[in-house]
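Structural overview
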Amino acid sequence: MGEATHKILVVEDDRQIQSFIGYALEQDGFCSLSANSGHSAMSLLISEPIELLLLDLGLPDCDGMEIIKRVREWSDMPIIVVSARDQDREKAAALDAGADDYLTKPFSATELLARIRVAIRHLRRQSGEKPQAVYQVGELKIDMEKRLTYLQGEELHLTPMEYNLLALLFKNCGKVLTTQYIIREVWGVGYGSDTQALRALMAALRRKIEKNPAKPRYIVTEIGVGYRLVDE
Ligand code: CA
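Residues numbered from 1 in each chain as written. Predicted model: local features only at pLDDT ≥ 70, side-chain atom pairs only at ≥ 80, totals over all residues. Heavy atoms only, no water.

Per an unreviewed UniProt entry, the protein goes by the name Stage 0 sporulation protein A homolog and belongs to Faecalispora sporosphaeroides. Its UniProt record gives the protein a comment under Function (unreviewed entry), which states: "May play the central regulatory role in sporulation. It may be an element of the effector pathway responsible for the activation of sporulation genes in response to nutritional stress. Spo0A may act in concert with spo0H (a sigma factor) to control the expression of some genes that are critical to the sporulation process." (UniProt positions renumbered as here; feature names shortened; annotations may be inferred.)

What follows is the structure, encoded as C-alpha cells:
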C-alpha cells in the first residue's frame, strides 16, 4: 500500500510506550525511528526524511510544544501528540499550535494506527489530490458541490451555518478540531471565542443528524478540546 515508505518519528521518553508504539507500527508495515528527548528528536527531524511525527508532550529536556512550533516553521508533516489523561488544556494548545491530532495514554494499537491513517490521508489530500465533493460516513452524506446533505437518503434541511459546520467536520473527517479552530472557520476571524454560540449550533446540528443527540454517533465531543466527526 505504499504506507511502508512512510517514515514515522516516535518521540517518547517512556521506554515501554516507545517499544509498544514501535512494535505496532512495524506490524502494520510502517517504518519508524525513535527519539527519547527533544534534542535527539530535532536532530533526526533535520537529518532524516520524516513524514509523520508522534510526539509525547512531556519530554525530559523540553516541552513538546516547542517541537511543534519549531517543526511548523518549515514543515506541514502530520503531528500526533501523545499526552497523559489530565492534560486537556495542553491538548487544545498543542492542536492550536499546529498539531493534527492527539492520543491519550493509555491507547490501543488499533487507535494509534487509525489516527495515523487519518493523518496520512489528510496529507495526501493536501498534496495535490483534487478535493472530494461527496463524502459519506455511515448514513450521513454531504455533496459539497451542490451544498446538499442527506441522512439515510433523505435530504436534510440545514441552515447555512449548520451546513458550514458539518462541511468543515467532513473535510476533516476523523480529525479532532479545536473549539477555537471551528469558531474561526465557521464564523470568521475576529469573532473571538464564543464557545456558547458553537455549543448552540452544535446542538441544533446534532438534533438534525443524530438519532440520540445525547449519545452522538457522528459528531463526538472531545472533552476540553473540541469535536470530531467519526471516521468509519
Ligand atoms: Ca514523557
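The buried fraction of strand E3 (residues 52-56) amounts to five of the five residues, a majority that puts the element mostly inside the structure. With burial as the criterion, each face of E3 is covered, one bearing Leu52, Leu54 and Asp56 and the other bearing Leu53 and Leu55. With four bridges joining them, strand E1 (residues 7-11) and E3 adopt parallel strand pairing. Its bridge partner being in E3, Ile8 is matched across the sheet by Leu52. (Buried < 20%, exposed > 50% of the residue type's maximum accessible area, 1.4 Å probe, protein only. Helix = DSSP H or I, 4+ residues; strand = E, 2+ residues; numbered from the N terminus. Pairing = 2+ DSSP bridges.)

Next up on the list: the coordination of the calcium ion. All of the protein donors around the calcium ion are Asp13 (OD), Asp56 (OD) and Gly58 (O); their distances to the metal are 2.2 to 2.3 Å. As a motif over one chain, the donors of the calcium ion read D-x42-D-x1-G. Judged by its relative accessible area of 4%, Asp56 is buried. Classification of Gly58 as partly exposed rests on a relative accessible area of 41%. (Donors = N, O, S within 2.8 Å, 3.2 Å for Na, K, Ca; no water.)

This part takes up the UniProt feature "modified residue: 4-aspartylphosphate" (unreviewed entry) in the protein. The positions that UniProt labels "modified residue: 4-aspartylphosphate" (unreviewed entry) are, in the present scheme, Asp56. Tracing the backbone through its elements, the reader meets Asp56 in strand E3. Residues in contact with Asp56, not counting those within four places in the same chain, are Val11, Glu12, Asp13, Gly64, Val82 and Lys105. (Contact = heavy atoms within 4.5 Å.)

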